[in-house]
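# Structural overview
Here is how the chains run, residue by residue.
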Amino acid sequence: MSTVTIYHNPQCGTSRNTLAMIRNSGVEPTVIEYLKTPPKRETLLALIQASGLPVMDIVRSKESVFTELQLGRSGVTDAQLVDAMLAHPVLMNRPIVVTPLGTRLCRPSELVLDILPQPQQAGFTKEDGQVVINTKGKQ
């Protein structure tokens, strides 16, 4: 069983780049496509707490349902945000990666490098052509 888990959306370039960097470290993670298999309340709350981020940072505000539900208005509670993410998993920001070294929302994708248990094994270039790791393994 892998010690690295990624909450992944294969339609998201940031999520794909993060997954590729995990694999470039020689690790095959547990991949949870959270739109198909949303986390349960306890798991989502644990991810938020472990990330150290405010709940609002875990909410994807660019989604139309965010606006429809008026989640950006004053007075919306953390509990309401969590309920919204549970009801509409598309509102969960991505990717979230869990490793023995921490839990992180990896936006930008390079943030995953700080919590990977193994270094990158080869050069890595993101889908947009940006070099993240050169051929000597350096950022």
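The preceding data block contains the structure.
Conventions we followed
- For every chain, the first residue of the written sequence is number 1, and numbering continues from 1 onward in sequence order.
- Thresholds applied to this predicted model are a pLDDT of at least 70 for local features of residues and 80 or more for the giving and counting of side-chain atom pairs; totals over whole chains, interfaces and linings are not thresholded and use all residues.
- Only hydrogens and water are set aside when side-chain values are computed; all heavy atoms of the structure are taken into account.
- In DSSP terms, a helix is any run of H or I states spanning at least four residues, a strand is any run of E spanning at least two, and both are numbered starting from the N terminus.
- The span one expects for a helix is its residue count, reduced by one, times 1.5 Å.
- Whether a residue is buried, partly exposed or exposed follows from its accessible area with a 1.4 Å probe, protein chains only, as a fraction of its type maximum: under 20%, in between, or over 50%, in that order.
- By the convention used here, residues are in contact when the closest approach between their heavy atoms is within 4.5 Å.
- A strand pair is defined by DSSP finding two or more bridges across the two strands.
- With axes taken as lines fitted to C-alpha atoms, and helix axes fitted only over the stretch in contact, angles between N-to-C directions fall between 0 and 180 degrees.
- Here, nonpolar core refers to any group of buried Ala, Val, Leu, Ile, Met, Phe, Trp, Tyr and Cys residues whose side-chain atoms link them within 4.5 Å.

A word on helix H1 (residues 13-24). Here H1 spans 16 Å end to end across 12 residues, near enough to the 16 Å set by a 1.5 Å rise per residue. For H1, the complete set of buried residues consists of Ser 15, Asn 17, Thr 18, Leu 19, Met 21, Ile 22 and Asn 24. If you follow the buried residues of H1, they end up packed against strand S1 (5-8), strand S2 (30-33), strand S3 (96-99), strand S5 (124-125) and strand S6 (131-133). Just beyond H1, the residue with positive phi is Gly 26, at close to 90 degrees.

The four strands lie next to each other as S2-S1-S3-S4, forming an open sheet whose pairing is mixed. Looking at the sheet topology across the chains shown, the edges are occupied by S2 and strand S4 (102-105). Recorded for the sheet is a direction-independent mean angle of 15 degrees between the axes of neighbouring strands. Where S1 meets S2, four bridges bridge the pair, whose relative direction is parallel. Its bridge partner lying in S2, Ile 6 is registered against Val 31. Contacting S1, S2 and S3, H1 runs over the sheet at an angle of about 160 degrees to S1.

Next up on the list: the nonpolar core. Counting residues in each nonpolar core, the largest one holds 20 residues, and the members touching the most others are Ile 48, Leu 71, Met 85, Leu 91, Met 92 and Ile 96. Among the elements of the structure, helix H2 (41-51), helix H3 (55-58), helix H4 (64-68) and helix H5 (78-87) are those that each provide at least two residues to this core. Looking at this core element by element, the count peaks at four residues for H5. The contact partners of Met 92, leaving out residues within four places of it in the chain, are Tyr 7, Tyr 34, Pro 39, Leu 44, Ile 58, Arg 60 and Met 85. Ile 6, Leu 19, Val 27 and Ile 133 belong to the second largest nonpolar core, which has 15 residues in total.

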